[in-house]
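Chain by chain, the residues run as shown.
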Amino acid sequence: MAIKNLALNREVFVSHSCNENRITCLTNGKVGVPSCRYALDWVCFNKDVEKCLFVDLGADFGVASFDIGFIHDKKNNICPPSEVKLFLSENGNDYYETAIVKAPYNASFDMCTRAVYSANFEIPIRARYAMLKFGIDGETFADELRLFGDDCNGSEAMLYGEPLSFAEKGYFADPSSLDGVKDIFSVKFGSDDKKSLGIEDFISCVAFVDSNEMPRDTMSDALLFDYEGKTDTLSDWEEYLDLLFAKNRNIDALDKVVELIKTTLQLDKSFKYNIYIKTPSPKVSLTPFGDLNGDGITEKLLQTEDCVTAYSWFLDSFIRRFNGGCYSNLSLGGFVWGENNLSRKNREDSIEFACACVKEIHNRECKCIFVADFAASGCEKAEYIGFDCILMKPENTISSLAPIFKKYGFGVAIKTDNTLSSNLCGCIENTVRLYDQPENEKNISVLAYSKNGSERLLYEKLYEFIKGGEQAVPPVCEETDFSVSEETDIPEPETAEDVLYEPQVQPEVSEEIKEEPKPEPEPTVCVATSVAEPIAEPKIEFVEEIKPEPEIEIPRIPENLVRKYNKKHKKIAMLGAGVVAGLGVAYVIAKTLKGRD
């Protein structure tokens, strides 16, 4: 059989997540130079969940092999796909997987080169259409796609198996995948600025608070503890766990907040609030990690299995402490994957490691959430790995990305920054949503207690959005003493219970004043948070209103004219004074002469 390039000069149809286009430079017979990635021989693919390249060979052929080249350049942070899949079809509708080719180089390979993905078939396969499918890892450059074979002679192998389904999911991440959890607020801690969180950080996340800082309704379904401290060694992990379970802080403080809100809102005693914990991601390294099995020997994580063992240690340590804490108001929803992508550039075994760790989480009857950056590497593998819910962060606003999320069944991770307002207008409604809070600016607590009207309004709009617009005004509960009991032992210097929990005391109004007040601007009223001795009512005297004379606006005169004006009038004033003095002297002389007569 004579072998020829069946794809030469054929048009390539490129399918993207939300659009598509056609190119011919991938089949022009020219191989690119890896160091010249922006030359015309290379096609750059970027920011997409996955790519599909379709080629129509024009007739049935016996396809014997294929290859395609990608740039591998670690120095410039360019990494080719972790794998490329080849699908063949006779009718253009039913595509069958015929080859899976892994990356020829490790991500750590320190050389700029052309990585060739190729496969040969012992018996040529009869097909007319070909499709290549691969994920994107940052900027990805491909040059030449070649399909080798010859005319059919009847000896070709036929396609068999289950054809690839192109059906889109057509829905977003279903809250049922997390047992009904729909709205999750993240809280960051562990950084140098904010080591831990207290009661004041949780109230406005768990409950909707009114302008008087009183809880009026529930707010979110769950809370994610997003740790930002070091997680390089076992001692770092132990510090992380110690912070999570510190008395009156973090998990313990949240449990107390939920108890107080349950009492204030008169919720069912069985009500529990869900929590999710962001897990560390151990990596293969020669650096000593720690004593995982308690034998007094410090271990190193030398292979993927060692990392999985360490990961399991963290899961077991957390679950043991959580169950031992007797948190009657909290429920462990599960864990959140510690990285926002599954890139080979971060770790070579990213997919293998994630599969093993998610399996360990499921073995402990917990859920696992993957919160991915927009079009992050590995998103196409997320369902294969077994994540229970996949949430994606948009680059800017969400409305234009809704088709992508719906196509792949993703939920959404919303940042509570300057884009929050626009995202609430165009956001996906019937899906799992994570509200990613910064540490300070636009933090939910900042919005809830802000004296800035626009910030407070944003908090109220967020509440209405979470409730689906059903409740424009939260229900009014019976006034209860929303205060911390002495048993909670909350350190006074670290919290603001006096302001947050004591019911607002309105000043008493004397019954002697029966007249309706005139429609004048309302004076500022200072409300005391604690009651002292009653303040005597000030004596009011009515004085006849004196209307001030209307002020006449005097136009400003330029400085140079003012100087000329003053100089001129100074001369006139001196002349006038001289005339008056002269007349006075003449009068005295006249009187003197008259006396002599």
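Residues numbered from 1 in each chain as written. Predicted model: local features only at pLDDT ≥ 70, side-chain atom pairs only at ≥ 80, totals over all residues. Heavy atoms only, no water.

K.L.:
So what exactly am I meant to see when it comes to the pattern of salt bridges here?
P.N.:
A side chain of one charge can pair with a side chain of the opposite charge when the charged atoms of the two come close. Here the structure, examined in full by the defined rule, presents 31 salt bridges. A single salt-bridge network, built from bridges that share partners, covers Lys-188, Asp-226, Lys-278, Asp-373, Lys-393, Lys-415 and Asp-436. (Salt bridge = Lys/Arg side-chain N within 4 Å of Asp/Glu carboxyl O.)

K.L.:
Please clarify how the sheet that holds strand 20 (residues 411-415) should be interpreted in this entry.
P.N.:
Adjacent strands of a sheet form backbone hydrogen bonds with each other and so pair up, either parallel or antiparallel. The sheet built from 8 strands closes into a barrel, its strands ordered 10-13-14-17-18-19-20-21 with parallel pairing. The sheet shows a mean angle of 30° between the axes of neighbouring strands, taken without regard to direction. Pairing between strand 17 (residues 330-336) and strand 18 (residues 367-372): 3 bridges, direction parallel. Note that in strand 18 the partner of Val-336 across the bridge is Ile-369. Against the sheet, helix 2 (residues 234-244) engages strand 10 (183-189), strand 13 (222-227) and strand 14 (273-278), with an angle of about 145° to strand 13. (Pairing = 2+ DSSP bridges. Helix = DSSP H or I, 4+ residues; strand = E, 2+ residues; numbered from the N terminus. Axes fitted to C-alpha atoms, helices over the stretch in contact; angles between N-to-C directions. Contact = heavy atoms within 4.5 Å.)

K.L.:
I'm lost on the packing of helix 1 (residues 199-206) against helix 3 (residues 250-265) in this one. Help?
P.N.:
Each pair of packed helices gets described by two things: the angle between the helix axes and the distance between those axes. Where helix 1 contacts helix 3, the axes come no closer than 9 Å and their chain directions differ by 50°. With respect to their mutual orientation, helix 1 and helix 3 come out oblique. When you trace helix 1 past helix 3, the crossing you get is right-handed. Seen from helix 1, the contacting residues are Ile-199, Phe-202, Ile-203 and Val-206; seen from helix 3, they are Asn-250, Ala-253, Leu-254, Val-257, Val-258 and Ile-261. Residues of the contact of helix 1 with helix 3, tallied by class, amount to 9 nonpolar, 1 polar and no charged. (Parallel < 35°, antiparallel > 145°, perpendicular 65-115°, else oblique. Left-handed = near helix turned anticlockwise from the far one by under 90°. Nonpolar A, V, L, I, M, F, W, Y, C, P; charged D, E, K, R; others polar.)

K.L.:
Sorry, what's going on with the environment of Phe-387 here?
P.N.:
Note on placement: Phe-387 falls in the loop between helix 6 (382-385) and strand 19 (389-392). Between the C-alpha atoms of Phe-387 and Cys-355, which are 32 residues apart in sequence, the distance is 8.8 Å. If we skip the residues at most four places from it in the chain, Phe-387 touches Trp-337, Leu-342, Ala-354, Val-358, Cys-368, Ile-369, Phe-370 and Ala-382.

K.L.:
It is not clear to me how the packing of helix 4 (residues 304-324) against helix 5 (residues 350-363) should be interpreted in this structure. Could you clarify?
P.N.:
Between helix 4 and helix 5, the shortest axis-to-axis distance is 10 Å and the interhelical angle comes to 30°. Relative to helix 5, the element helix 4 is oriented roughly parallel. The element helix 4 and its partner helix 5 pack so that their crossing is right-handed. For the pair formed by helix 4 and helix 5, the contact residues are Thr-304, Glu-305, Cys-307, Val-308, Tyr-311, Ser-312 and Leu-315 on the first element and Glu-352, Phe-353, Ala-356, Cys-357, Glu-360 and Ile-361 on the second. Counted by class, the contact of helix 4 with helix 5 contains 8 nonpolar, 2 polar and 3 charged residues.

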